[in-house]
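A look at the structure
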Amino acid sequence: MLMSALPTLASLENSTEFHARHIGPDAADEAGMLSVIGAASRRALIDAIVPGSIKRAAGMNLPAALTEAQALAELKTVAAQNQVLKSYIGQGYYDTLTPGVILRNILENPAWYTAYTPYQAEISQGRMEALVNFQTMVTDLTGMAIANASMLDEATAAAEAMTLAARVGKSKSQVFYVADDVLPQTLEVIRTRANPLGFEVRVCNGDEALNNDSFAVLLQYPGVNGEVRDYAEWIAKYKARSNGVVIMAADLLALTLIKAPAELGADIAIGTTQRFGMPLCNGGPHAAYMACKDEYKRNLPGRLVGVSVDVHGNPAYRLALQTREQHIRREKATSNICTAQVLPAVVASMYAVYHGPQGLKRIALRVASFTALLAQGLKALGYGIVNTSAFDTLQVQTEGKTAAIHAKAIAAGLNLRHASATTVGISLDETTTREHLQALLTVFADGQALPAFDAAEKGIATLIPAAVQRTSAYLTHPVFNRYHSETEMLRYLRALADKDLALDRSMIPLGSCTMKLNATSEMIPITWPEFAGVHPFAPRDQLKGYALLNEQLTAWLCQATGYAGISLQPNAGSQGEYAGLLAIKAWHESRGEGHRKICLIPESAHGTNPASAQMVGMSVVVTKCDKEGNIDLGDLKAKCEQHSANLAAIMITYPSTYGVFDTQVKEICALVKSHGGRVYVDGANMNALVGVAAPGEFGGDVSHLNLHKTFCIPHGGGGPGVGPVCVVADLVPYLPAHRSAGYESETAIGAVSAAPLGNAAVLPISWMYVRMMGADGLTAATETAILSANYVAARLADAYDIHFSGNIAGVKGGGVAHECILDIRPLKDATGVGAEDVAKRLIDYGFHAPTLSFPVAGTLMVEPTESESKHELDRFCDAMLAIRAEIAQVAAGTWTATDNPLVNAPHTAESLLKADWAHAYSREVAAYPVASLRRQKYWVPVGRVDNVWGDRNLSCSCPPMSDYE
Ligand SMILES: *Cc1c(COP(=O)(O)O)cnc(C)c1O
């Protein structure tokens, strides 16, 4: 009998290629899309749209793509090069037990990690409730009136507190005092940030700050060596003398036992929430917090979730004081923080919900008991303890045996802190057990018999001084007291997730934000203990896996961008901008041209650009754009000439935030350089470039990438992010160092993040993406992203004005880059229905709105990304066309401008079920404008949220439960 041949092995192997999972449209879809656009092939479309002058000289030199299983196996070998020792290093990072219910249902749950920043309040109620819980947790524990959600890390939070203090303080002094027991990485980041602003940072042990003027002081509570000072009297004296602002960096777990910063007289409290359930992660991502007294609330940087009401009068959350957001403040901005640490903040808040006030206190008491016991044991073994008070940290005199003790500890699998030449630091945490204590004491025992733990069984005396012991209550709100069984907790998390629209339900077509697939295989490694379990200040030879990950990912990203050097340290795009501009500043200074301080920024720029320029001490000069969305070359020439002697840089976004490939970009770069300036290319739009064009080749000197946009790190509901800063060869020496972790460089700018590798633990996501896509896959992704945007533009071109397009003959929609802007203003003028109404009506159709009113007010910016299938793109286009038909009915007079399904959107189930339905359109039209919604429908939990009410009645902590009854 004849057997038919099996397919070739190669063809079978190819079918497991990851790029076909990552890229939504298949070959048949692509053909269909091309025919709607009117292009012969994907390549022909790209050739028509991407200017020939900027195309890459050569392809990217990347290792050949691996399958998901292969890439995981290879990454495992990288991870295995990290050594996971038990950490007693402390210094802002402690081991913690992530409750399983939180690990699986938040950290590993796409309903939480694929969500976008909650700008669209109605579809973000779940995550905003979690963030209000976070804010309440922080205000309760610190005693402050108001807290934000969230800051990037403790060190940058301290730096932001310094600038907040400078804005709100009454002192004219430029001196900023830092207590001598502040965390070293915090001091380093403060120095980086203070320098361009002209602040003088002085480290002191207390007295000096009482005898000299300063605008603010930063205290560490407890200090890095463990001392728990009673600062009440000191703060009173400082304020009487100095008129300065008091900032306290406070440990949240300690605050369950020691007096709140506000009770001691502090004005601002900052710190990390890492030990509330987020693993060590080699330093990040972790949420930091900032809280302050009421007077400062309108100056508080970062995002603030507030309580408001919806149109039906029900309580609803939304981002408060949005006009302060960097999008609006621009060159008047005081902080550039945009992407924050939402997912880690949600984890920390849920850790508090899960344990409740008693549970947290029990954890803290246990840590305090073990610390007291350890002190007793060490003393019994003949060691002196430097600190006279302690919560979780001891500074131990080593009696001349410092090196030997560290060596013995490491041999026993323990890391201690290098506190000084004659002492070591030991910090205990939630995970510490009796066995751990014995292992620690054995290191110090040197053969002596270990002391017994009898005292602890009876209850050992606390090392926390009576005067600082906390008596005030915290976390009394029902939310922290209701969900302590796992069943209750699981259902609470599920109920919150169900309120939100994330990528696990529908596309999120956000221009400039690139909400693409966050593949599960990319996510899996982040909780591997080899990556999640290491301390950022562990000895470098224990972090070889991270060093290799850094080396490989950096090399690949250099290939993708055409740059010579990259630092992965910045933990958001804004921080990459800041680091990049500092590098430019340092370069000018190195040439004796420190006076060059003008930064040109086109009016279309993202708000973080001018904010970052401001923070490095540059002056922003805004340049114009023309009708097509291109930089106005005439205006740019004039400004270059006017500021020639003082020109530091230009910041452009490419393709522009208007979604166009400016054909003159090379000339623009050359022009600025001819006047002595450097070119910063904002890389947020790299999804239109990878494999096709490289900013480092077409004229950029510096770029930041948003790995949380182009390179698949999920948005997390608004963070974490990674914002690598990429530079050309002559700027490589100016990339950020991290001296407190031993990463030295003579010329480098200082640290910009608390940890040397920033949000290190999410880097495996981008590593996996590049490793599984390879050069061809990444290029195909870029081309498909452009194809998909053009398909959407082509399908919607007859119904909506495409605001900026390339006017390319034969391309329906005119030709756009990877996003397109739909101009709703003409419709608004004709009918009263505006972009916001369209955005809210899309919710009824089950979609997250596109980017609303950025970069042009009254428009919607759509970025479909390569990951959405043609089916999903069609569903979205069909919704947009149906909405356009609804607008036509308003235009025709069928519905009035004040009563139609658009202005009343979104429609809650409750509003639809009311007995008195008094609208000009039916309930059916409201709820089921397209038939498929009858089978599958997202029910929005609240009606349209009233932003103005919320800002007038600012409230940013948990509302009383009676509001929900
Ligand atoms: C997202 C974005 C940024 C800022 O990045 P973050 O990570 O949010 O700080 C900067 N520029 C552009 C154009 C962006 O889209």
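Figured I'd write up the structure that's included with this text. (Residues numbered from 1 in each chain as written. Predicted model: local features only at pLDDT ≥ 70, side-chain atom pairs only at ≥ 80, totals over all residues. Heavy atoms only, no water.)

Some words on the overall build of the protein
- Scanning the protein from N- to C-terminus turns up 34 helices and 26 strands.
- For 965 residues, the compact-globule estimate of 2.2 N^0.38 gives 30 Å, and the protein sits close to it at 28 Å.
- A principal-axis box enclosing the C-alpha atoms of the protein has dimensions of 85 × 85 × 70 Å.
- Here the protein holds 965 residues, and 64% of them are scored as buried.
- Within the protein, counting contacts between residues at least 6 apart in sequence, those at least 24 apart form 77% of the total.
- In the structure as shown, the protein presents an accessible area of about 32500 Å², 51% of it carried by carbon and sulfur atoms.
- Counting 78 positive and 93 negative side-chain charges, the protein places the averaged centre of each group 3 Å from the other. (Helix = DSSP H or I, 4+ residues; strand = E, 2+ residues; numbered from the N terminus. Rg over C-alpha atoms; globule rule 2.2 N^0.38 Å. Buried < 20%, exposed > 50% of the residue type's maximum accessible area, 1.4 Å probe, protein only. Contact = heavy atoms within 4.5 Å. Areas by Shrake-Rupley, 256 points an atom, 1.4 Å probe, with all protein chains shown as cover. Lys, Arg positive; Asp, Glu negative; His and termini not counted. Charge placed at Lys NZ, Arg CZ, Asp CG, Glu CD.)

Examining unusual backbone geometry
- For the bond running from Ala-149 to Ser-150, omega is 10 degrees, close enough to zero to count as cis.
- Here Ser-150 lies in the loop between strand S2 (146-147) and helix H9 (154-168).
- For the peptide bond that leads from Gly-719 to Pro-720, omega is 15 degrees, which places it in the cis range.
- Within the secondary structure layout, Pro-720 lies in the loop between strand S20 (702-705) and strand S21 (725-727).
- In this structure, Ser-512 takes a positive phi of about 75 degrees despite not being glycine.
- Its place among the elements puts Ser-512 in the loop between helix H19 (486-498) and helix H20 (520-523).

Considerations on the packing of aromatic side chains
- Within the structure shown, the criterion is met by 20 aromatic pairs.
- Plain terms: the ring middles of Trp-895 and Tyr-921 are 6.1 Å apart, the flat faces sit at 70 degrees to each other, and that makes the pair edge-to-face. Linking Trp-895 in the loop between helix H31 (870-891) and helix H32 (909-912) with Tyr-921 in the loop between H32 and helix H33 (923-927), this pair joins segments that are 26 residues apart in sequence.
- Here Trp-895 falls in the buried class, since its relative accessible area comes to 7%.
- Connected via pairs of aromatic rings, a cluster forms that spans Phe-176, Phe-199 and Phe-215.
- In this arrangement the basic side chain of Arg-275 is found over the ring face of Tyr-94, its NZ or CZ atom lying 3.8 Å from the centre. (Phe/Tyr/Trp six-rings, centres within 6.5 Å; stacked < 30°, edge-to-face > 60°. Lys NZ or Arg CZ within 6 Å of the ring centre and 35° of its normal.)

Considerations on the packing of helix H10 (residues 184-197) against helix H23 (residues 573-590)
- Following both chains from N to C, one finds H10 and H23 inclined at 55 degrees, their axes separated by 12 Å at the closest point. If you check the angle between H10 and H23, you find them oblique. Between H10 and H23 lies a crossing of left-handed hand. Only Gln-575, Tyr-578, Leu-582 and Lys-585 of H23 make contact with H10, whose side of the interface consists of Thr-192, Arg-193 and Pro-196.
- For the contact of H10 with H23, the per-class residue count stands at three nonpolar, two polar and two charged. (Axes fitted to C-alpha atoms, helices over the stretch in contact; angles between N-to-C directions. Parallel < 35°, antiparallel > 145°, perpendicular 65-115°, else oblique. Left-handed = near helix turned anticlockwise from the far one by under 90°. Nonpolar A, V, L, I, M, F, W, Y, C, P; charged D, E, K, R; others polar.)

What to know about the nonpolar core
- In terms of nonpolar packing, the biggest core is built from 323 residues, with Met-137, Met-350 and Phe-444 touching the most fellow members.
- Ignoring sequence-local partners within four residues, the contact set of Phe-444 consists of Leu-378, Leu-381, Tyr-383, Val-396, Ile-405, Leu-416, Val-424 and Ile-426.
- Residues Tyr-658, Val-660, Phe-804 and Met-861 belong to the second largest nonpolar core, which totals eight residues. (Core = buried A, V, L, I, M, F, W, Y, C linked by side-chain atoms within 4.5 Å.)

Some words on the site of the ligand
- In the vicinity of the ligand, 14 residues are found, and the nearest of them are Thr-339, Ser-512, Asp-682, His-708 and Lys-709.
- Interatomic distance of 2.8 Å between a backbone N/O atom of Ser-574 and an oxygen atom of the ligand.
- In the environment of the ligand, a nitrogen atom lies 2.6 Å from a nitrogen or oxygen atom belonging to the side chain of Asp-682.
- Top contributing element to the shell around the ligand by residue count: H23, with three residues.
- Class assignment of the residues belonging to the shell around the ligand gives a composition of three nonpolar, eight polar and three charged. (Near = heavy atom within 4 Å. Polar contact = N/O pair within 3.5 Å; in protein donor to acceptor, adjacent residues only side chain to side chain.)

Some details on the pairing of strand S18 (residues 647-653)
- For S18, the buried fraction is high: seven of the seven residues fall into the buried class.
- When strand S16 (residues 598-602) meets S18, the two strands line up parallel, connected through three bridges. Within S18, the residue paired with Leu-600 across the bridge is Ile-650.
- One ladder, built from five bridges, connects S18 with strand S19 (residues 678-683); its direction is parallel. Each residue of the ladder has a partner; that of Ile-652, found in S19, is Val-681.
- Traced from S18 through helix H26 (residues 665-674) to S19, the parallel crossover comes out right-handed. (Pairing = 2+ DSSP bridges. Right-handed = clockwise from strand over helix to strand, strands pointing away.)

Observations regarding the pairing of strand S17 (residues 619-623)
- Bridge analysis of S16 against S17 gives five bridges, and the strand direction is parallel. When the sheet's bridge partners are listed, Leu-600 is paired in S17 with Val-621.
- On the question of chirality, the crossover connecting S16 to the parallel S17 by way of helix H24 (residues 608-615) is right-handed.

Let's talk about the side chain of Thr-653
- Here Thr-653 is to be found in strand S18.
- Not counting residues within four places of it along the chain, the set of residues in contact with Thr-653 comprises Asn-609, Asp-682 and Asn-685.

Some details on the layout of surface pockets
- What the second largest pocket holds in volume is close to 540 Å³.
- Along the wall of the second largest pocket there are 24 residues; nearest its centre are Asn-550, Pro-736, Tyr-743, Pro-756 and Leu-757.
- Looking at the lining of the second largest pocket, the elements that each hand over two or more residues are helix H22 (544-561) and strand S15 (565-567).
- It is H22 that provides the largest number of residues to the lining of the second largest pocket, a total of four residues.
- When grouped by side-chain class, the residues that make up the lining of the second largest pocket number 15 nonpolar, seven polar and two charged. (1 Å grid on protein atoms, 1.4 Å probe; cavity = no way out; pocket = protein on both sides within 12 Å on 5 of 7 lines; lining within 4 Å. Points joined across faces, edges and corners; volume = space filled by probe spheres on them.)

What about the packing of H23 against H24?
- Across the interface, H23 lies against H24 with an axial gap of 9 Å and an inter-helix angle of 45 degrees. Between H23 and H24, the angle falls in the class oblique. Along this stretch, H23 crosses H24, giving a crossing that reads as right-handed. On H24, the residues touching Ser-574, Glu-577, Tyr-578 and Leu-581 of H23 are Thr-608, Asn-609, Ser-612, Ala-613 and Met-615.
- For the contact of H23 with H24, the class distribution of residues is four nonpolar, four polar and one charged.

Describing the side chain of Asn-415
- Relative to the helices and strands, Asn-415 resides in strand S12 (residues 414-415).
- Overall, the relative accessible area of 3% leaves Asn-415 in the buried class.
- At 2.8 Å, the side chain of Asn-415 and the side chain of Gln-542 are in polar contact.
- Beyond its immediate sequence surroundings of up to four residues, Asn-415 is in contact with Leu-85, Lys-86, Ser-87, Tyr-88, Ile-89, Ile-410, Ala-538, Pro-539 and Gln-542.

Topic: the pattern of salt bridges
- Counting across every chain of the model gives 44 salt bridges.
- Here Asp-267 and Lys-293 are joined by a salt bridge, their closest N and O atoms 2.8 Å apart. In this pair, Asp-267 sits in the loop between helix H13 (261-264) and strand S7 (268-272) while Lys-293 sits in the loop between strand S8 (288-292) and strand S9 (305-310), placing the two residues 26 residues apart along the sequence.
- For Asp-267, a relative accessible area of 2% puts it in the buried group.
- In this structure, Glu-924 and Arg-934 form a salt bridge, with 2.9 Å as the shortest nitrogen-oxygen distance. Within this pair, whereas Glu-924 is found in helix H33, its partner Arg-934 is found in the loop between H33 and strand S26 (945-946), the two being separated by ten residues in sequence.
- Overall, the relative accessible area of 49% leaves Arg-934 in the partly exposed class.
- Residues joined in a network through salt bridges with shared partners are Glu-30, Arg-42, Arg-43 and Glu-783. (Salt bridge = Lys/Arg side-chain N within 4 Å of Asp/Glu carboxyl O.)

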